[in-house]
Amino acid sequence: MRGIFSVLVENKDGVLSAISGLFARRGFNIDSLAVGTTDQRDISSMTIVSTGDERTISQIEKQLNKKVDVIKVRRLDETRTVELEMLLIKVAYSATNRAALIELCSVMGAKIMHVSPKYMIIEMASDPESIEDFIMLCKPFGILETQRTGTIAMAKK
Amino acid sequence: MNGAEAMVRCLQEEGVTTIFGIPGVAIAPFYEAIYNQDSIRHILVRQEQAAGHAASGYARISRRPGVCVTSSGPGATNLITALATAYADSIPVVAITGQVNSSLLGRDVFQEADMRGATSSFVKYSYLVKDVDDIPRVFREAFYIANTGRKGPVLIDIPCDVQAQKLEKAFSYPENVDIRGYKPTARGNKSQMDKVIETINKSMKPLICAGGGVILGNSETEIRSFCEKFNIPLVSTMMGIGVMPKKHPLYFGMLGNNGKPYANRAVSGADLLIIVGARVADRAVPKPDALEQRLKVIHIDVDSAEIGKNLGPTIPLVGDAKLIFRELLNADIHIDTENWIRTLEEFKKNTVDTRVFSEKLVNPMTLVTTLSEKMDDDGIYVADVGQNQLWSADNYVMKNGRFLTTGGMGTMGYSIPASIGAKYAAPDKQVVTVVGDGAFQMSMYELGTIAVNRLPMKLIVVKNRYLGLVREHQEKVYQGHYSGVALYDYPKYDKLAESYDMEYFHVDSNDALPEALDRFLSCDKAALMVCDVDSSDKTK
């Protein structure tokens with residue numbers, strides 16, 4: 001199963017390594033990790049997505065809670081959560097398929113950020129599943145490079 | 001006031017009177033501040049690992065955080081095994097390490113080691129102090145974190161220049177601690193408490209399994225009273241030895257791999273197991289999943305992450321054992337356990353030890369039994385790791401004293417420095433160390449600390465000329481291919497004792513044992529007793 005954790009931590013040096021070290025040491029998976037500051041400067045917010053059985057996911061929550069620099073841990077319910085991920089993708093094109101790529105972007109809600117004679121850099125902000133779909137659909141054109149931010153998530157209530 | 005003087009002030013504010021360590025250039029300002037005061041005595045050990053173990057022994061007996069100090073680089077890295085040991089056993093230790101000047105951090109200069117990074121999985125929390133004015137807050141928090149919730153070691157790494165800097169603000173020791181991410185739970189949740197009481201009332205064959213957490217939480221009295229009031233039997237883990245006297249009618253021994261068969265039968269026969277302050281690790285309960293299918297389990301621990309870590313669905317109760325059992329003592333519990341207790345007594349009576357010991361030399365079981373019976377009622381017995389530990393745990397006759405050993409990490413060489421710490425915490429109490437000849441040689445440099453400080457320590461070396469527990473394993477699993485385990489007949493213990501001004505005793509038969517022990521225990525200076533044990537004697 002998938003576990004999405006929204007974690008508030010002290011914005012201090014060593015905290016990110018303490019958290020990633022915890023996952024490494026106890027053999028927990030990190031599928032994605034996104035970190036940023038919050039509206040309070042001394043607090044950072046992390047969204048951690050992991051997979052494992054129920055015992056593992058609940059251990060992750062408890063072990064995160066044990067960390068002195070962790071202020072709050074919320075395990076988010078997948079069905080009641082807004083998830084967002086950002087993608088930058090560099091896709092090759094030719095005269096024959098240029099229109100098709102532009103159409104794909106428009107259908108999927110992706111934005112063309114840069115166009116050069118041989119490739120486009122496209123941006124997409126969406127839920128992780130749509131990002132996966134979009135990458136798959138870009139494959140036939142020729143993907144030159146991708147960059148993903150990792151999921152950020154927020155509970156609906 | 002400079003940083004180093006502030007550090008000493010902080011220790012004084014915490015009521016620290018004894019610290020263990022070894023100086024070096026990176027911690028020199030602190031040692032200068034120690035030199036200029038007289039309320040804190042510094043015990044110079046012979047290797048930094050021993051400073052950590054001594055602080056652990058001190059903490060366990062004084063029931064306050066133990067303090068150890070080292071310099072930077074190798075001095076600090078030598079401490080890591082001791083920190084890992086204290087972490088595994090949840091012992092409150094505050095470790096202060098000197099660090100290279102803050103301007104040089106990260107440049108791999110002489111004797112620089114990244115201690116925060118190196119110890120990150122072996123400490124409860126760590127600090128690298130970069131601002132001298134942070135010292136009072138950091139010390140206050142470090143002692144608080146080490147000694148609350150699930151206890152454990154905390155590291156304070158302080159660059160040399162920060163120790164030497166003048167404080168800009170006037171020194172003020174914070175009265176309260178407010179760490180927003182650290183609020184340990186003390187009282188049990190009301191509805192969980194009700195569930196626990198209801199479950200106990202429904203059980204016919206309840207059993208308490210007490211771990212080291214009971215002792216760390218100073219809750220032995222409460223748990224004993226609870227067992228006595230409701231007639232509930234108790235078994236312990238190795239770290240829980242001492243929760244009840246061995247001869248208590250409700251005590252049914254240590255469980256687990258190396259425990260009493262009747263204690264394990266008690267676990268199998270119970271319909272409700274109440275685990276208190278124990279990790280349910282592999283040595284105590286080899287197949288926890290099988291357990292949870294058979295009986296109801298209540299798991300009480302101050303660390304919520306322990307509950308459900310090794311054992312599946314249970315009734316969890318997070319909180320401080322002392323407070324919880326104080327409440328449970330007044331709970332509405334009515335159960336009749338007469339028959340259950342009778343069954344357990346039968347188990348105990350019918351357990352026959354089939355182990356065969358060599359007749360020629362000292363029987364290690366007889367040694368432990370005779371020794372612990374002859375010890376003062378409130379004496380402290382410190383066992384090392386290896387066969388000596390298992391024989392000790394199995395046969396120690398707990399009266400009103402303490403049994404110290406390292407159960408979690410199993411660090412050889414723990415006992416001698418831990419005993420030194422214990423002796424400083426309780427100078428009037430008898431402290432006896434039992435150690436194998438393997439572990440003895442990993443820590444015998446501490447005889448220097450014992451000699452210089454004229455500590456009347458009592459060390460017993462259980463000598464079988466092998467790393468005995470590994471040898472036993474090789475015999476069982478590898479057809480007796482003894483690989484890298486022979487120690488032969490060294491050192492010459494009589495000469496070693498003489499060179500450290502210790503009384504020397506040598507026993508090579510059971511007959512000579514009682515009288516030799518009497519003389520050994522009544523010796524008013526440090527004494528070393530070597531007991532020859534046959535290398536074929538086994539723990540199982």
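Residues numbered from 1 in each chain as written. Chains lettered and ligands numbered in written order. Predicted model: local features only at pLDDT ≥ 70, side-chain atom pairs only at ≥ 80, totals over all residues. Heavy atoms only, no water.

A.B. asks: In this structure, what is going on with the overall build of chain A? I would like to understand it.
C.D. replies: Tallying secondary structure elements over chain A gives four helices and nine strands in all. Starting at the N terminus, the α and β elements of chain A follow one another as β-α-β-β-α-β-β-α-β-β-α-β-β. For the C-alpha atoms alone, the extent of chain A along its principal axes is close to 55 × 35 × 30 Å. Here chain A holds 157 residues, and 38% of them are scored as buried. In chain A, once contacts between residues fewer than 6 apart in sequence are set aside, the share between residues at least 24 apart is 72%. Just so you have it, chain A exposes about 8,700 Å², and 53% of that area is on carbon and sulfur atoms. Here chain A contributes 21 positively and 20 negatively charged side chains, and the mean placements of these two sets differ by 3 Å. (Helix = DSSP H or I, 4+ residues; strand = E, 2+ residues; numbered from the N terminus. Buried < 20%, exposed > 50% of the residue type's maximum accessible area, 1.4 Å probe, protein only. Contact = heavy atoms within 4.5 Å. Areas by Shrake-Rupley, 256 points an atom, 1.4 Å probe, with all protein chains shown as cover. Lys, Arg positive; Asp, Glu negative; His and termini not counted. Charge placed at Lys NZ, Arg CZ, Asp CG, Glu CD.)

A.B. asks: What is the right way to look at the pairing of strand S13 (residues 380–383) of chain B in this model?
C.D. replies: All names here are of chain B. Side chains Ile380 and Val382 project from S13 onto one buried face, and the interleaved Tyr381 and Ala383 project onto a second face that is buried too. Inspection of the sheet shows S13 paired to strand S14 (residues 402–404) by three bridges, in the parallel sense. Residue Tyr381 lies in a different strand from S14, and its bridge partner there is Phe403. Considered for its hand, the β-α-β crossover made up of S13, helix H17 (residues 387–395) and S14 is right-handed. Judged from the four bridges that link them, S13 and strand S15 (residues 431–436) form a sheet pairing that is parallel. When the sheet's bridge partners are listed, Ile380 is paired in S15 with Val431. (Pairing = 2+ DSSP bridges. Right-handed = clockwise from strand over helix to strand, strands pointing away.)

A.B. asks: Just checking my understanding: could you explain the interface of chain A and chain B for this structure?
C.D. replies: Reports often express the size of an interface as the amount of accessible area lost when the parts come together. Taken residue by residue, the interface counts 18 residues in chain A and 23 residues in chain B. Interface area, chain A with chain B, both sides summed: about 1,600 Å², of which 40% is carbon and sulfur. The residue A:Glu10 makes a salt bridge to B:Arg180 at a minimum N-O spacing of 2.8 Å. For the pair chain A and chain B, the interface holds nine residue pairs in polar contact (both at pLDDT 80 or more). For the side of chain A that touches chain B, the secondary structure elements donating two or more residues are helix H2 (54–66) and strand S4 (70–76) of chain A. Per-element tally for the side of chain A that touches chain B: the top contributor is H2(A), with six residues. Of the residues assigned to the side of chain A that touches chain B, the class counts are four nonpolar, three polar and eleven charged. (Buried area = accessible area lost by both parts, 1.4 Å probe. Salt bridge = Lys/Arg side-chain N within 4 Å of Asp/Glu carboxyl O. Polar contact = N/O pair within 3.5 Å; in protein donor to acceptor, adjacent residues only side chain to side chain. Nonpolar A, V, L, I, M, F, W, Y, C, P; charged D, E, K, R; others polar.)

A.B. asks: What's the story with the environment of B:Asp377 in this structure? I'm lost.
C.D. replies: Residues and elements named next belong to chain B. Relative to the assigned elements, Asp377 resides in the loop between helix H16 (364–374) and S13. Once the C-alpha coordinates of Asp377 and Met1 are considered, the two residues, 376 residues apart in sequence, prove to be 47 Å apart. Among all residues touching Asp377, those that are not within four sequence positions of it are Lys399, Asn400 and Gly401.

A.B. asks: Just checking my understanding: could you explain the domain arrangement of chain A for this structure?
C.D. replies: Residue and element names in this part refer to chain A. Along its sequence, chain A is organised into domain 1 (2–76) and domain 2 (84–152). Once you take the C-alpha centre of each, domain 1 and domain 2 turn out to be 30 Å apart. Facing the six residues of domain 1 at the interface are five residues of domain 2. Note on domain 1 versus domain 2: buried area summed over both sides is about 340 Å², and carbon and sulfur give 56% of it. On the domain 1 side of the interface with domain 2, the three residues burying the most area are Ser32, Ala34 and Thr47, jointly 69% of the side's total. The interface formed by domain 1 and domain 2 holds zero salt bridges in total. Inspection of the domain 1/domain 2 interface yields one residue pair in polar contact (both at pLDDT 80 or more). Elements supplying a minimum of two residues to the side of domain 1 that touches domain 2: strand S2 (32–37) and strand S3 (43–51). (Domains from an automatic or database assignment.)

A.B. asks: What is the right way to read the pattern of salt bridges from this model?
C.D. replies: Summed over all chains, the structure comprises 36 salt bridges over all chains. We note a salt bridge from A:Glu85 to A:Arg148, for which the minimum N-O separation is 2.6 Å. Note that A:Glu85 is positioned in strand S5 (residues 81–92) and A:Arg148 in strand S8 (residues 143–148), a separation of 63 residues in sequence. Overall, A:Arg148 belongs to the partly exposed group, its relative accessible area being 35%. Between B:Asp377 and B:Lys399 there is a salt bridge, and its shortest N-O distance comes to 3.6 Å.

A.B. asks: I keep staring at the pairing of strand S7 (residues 119–126) of chain A and nothing clicks. Help me out?
C.D. replies: Successive side chains on a regular strand alternate, one facing one side of the sheet and the next facing the other. Residue and element names in this part refer to chain A. Here S5 runs beside S7; their pairing, made up of eight bridges, is antiparallel. Bridge pairing links Ala92 to Tyr119 in S7. Sheet topology places strand S6 (residues 111–115) next to S7; four bridges connect them, and they run antiparallel. For Lys111, the partnering residue across the bridge sits in S7 and is Glu123. Linking S6 back to S7 in an antiparallel pair, the connection comprises three residues.

A.B. asks: Before we go on, may I ask you to explain unusual backbone geometry in this structure?
C.D. replies: Among all residues except glycine, the phi angle is most often negative; among peptide bonds, the trans geometry is most common. Residues and elements named next belong to chain B. The omega torsion of the bond from Tyr490 to Pro491 falls at -5°, within 30 degrees of zero and hence cis. Positive phi, close to 65°, is recorded for Arg465, a residue that is not glycine. The backbone phi angle of Asp501 is positive, close to 55°, even though this residue is not glycine. Along the chain, Asp501 turns up in the loop between helix H22 (493–499) and strand S17 (503–507). Under the relative-accessibility criterion, Asp501 is labelled exposed at 54%.

A.B. asks: Help me understand the packing of helix H12 (residues 261–269) of chain B against helix H15 (residues 338–349) of chain B, please; the structure alone is not making it clear to me.
C.D. replies: The description of two packed helices rests on the angle between their axes and on the distance between the axes. Residues and elements named next belong to chain B. Two elements in contact, H12 and H15, have axes separated by 9 Å at closest approach and are oriented at 145°. Crossing hand, H12 versus H15: right-handed. Taking contact as the criterion, the partners of Tyr262, Arg265, Ala266 and Gly269 in H12 are, on H15, Trp340, Leu344, Phe347 and Lys348. The residue inventory of the contact of H12 with H15, partitioned by class, reads five nonpolar, one polar and two charged. (Axes fitted to C-alpha atoms, helices over the stretch in contact; angles between N-to-C directions. Left-handed = near helix turned anticlockwise from the far one by under 90°.)

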